[in-house]
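# Summary of the model geometry
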Amino acid sequence: IIENFATTLDDLEVKIKDLREKEDLFELPSTHFPEIGETRIEIEQLTILWNFKRDVDKVYEGWKKILWKDVNTNDLEDQNKRLRKKLREKGGAYPAIKGWEVYKDVDK
């Protein structure tokens, strides 16, 4: 779904470029669309976060396949700490994502 929005945004950016060329041709003032840049940044951050959630889910799915006799709780706890640290790093790099539900879901 995110890729669909990114593609739509790409198409919109092409239309904006065409509009700007026409504005230049007719010596009109340039129209600015700051939302486009903001949306691009949010799409990139969403992609990063959802990919991370997918990776976390894969780790947890892998844990379900471990036999009880083979469970090493210290190892699982260490893996979980590393995942949480990576999540916090992403939250530090992109503070806006901390308010998103997917971040909160992974942080549980």
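Preceding this paragraph is the structure being described.
Reference entry: report on the structure contained in this document.

### A closer look at the environment of Thr-73
- Note on placement: Thr-73 falls in helix H3 (residues 73-93).
- For Thr-73, a relative accessible area of 54% corresponds to the exposed category.
- Spatially, the C-alpha atoms of Thr-73 and Lys-85 are 18 Å apart, while their sequence positions differ by 12 residues.

### A short note on the packing of helix H1 (residues 2-25) against helix H2 (residues 34-64)
- Running from amino to carboxyl end, H1 crosses H2 at an angle of 160°, the nearest separation of the two axes being 10 Å. As far as their axial angle goes, H2 and H1 are roughly antiparallel. The chirality of how H1 crosses H2 is left-handed. Of the residues in H2, those in contact with Ile-2, Phe-5, Ala-6, Leu-9, Asp-10, Leu-12, Glu-13 and Ile-16 of H1 are Ile-36, Thr-39, Arg-40, Ile-43, Leu-46, Thr-47 and Trp-50.
- Tallied by class, the residues present in the contact of H1 with H2 amount to 10 nonpolar, two polar and three charged.

Quick notes on the rules
Residues numbered from 1 in each chain as written. Predicted model: local features only at pLDDT ≥ 70, side-chain atom pairs only at ≥ 80, totals over all residues. Heavy atoms only, no water. Helix = DSSP H or I, 4+ residues; strand = E, 2+ residues; numbered from the N terminus. Buried < 20%, exposed > 50% of the residue type's maximum accessible area, 1.4 Å probe, protein only. Axes fitted to C-alpha atoms, helices over the stretch in contact; angles between N-to-C directions. Parallel < 35°, antiparallel > 145°, perpendicular 65-115°, else oblique. Left-handed = near helix turned anticlockwise from the far one by under 90°. Contact = heavy atoms within 4.5 Å. Nonpolar A, V, L, I, M, F, W, Y, C, P; charged D, E, K, R; others polar.

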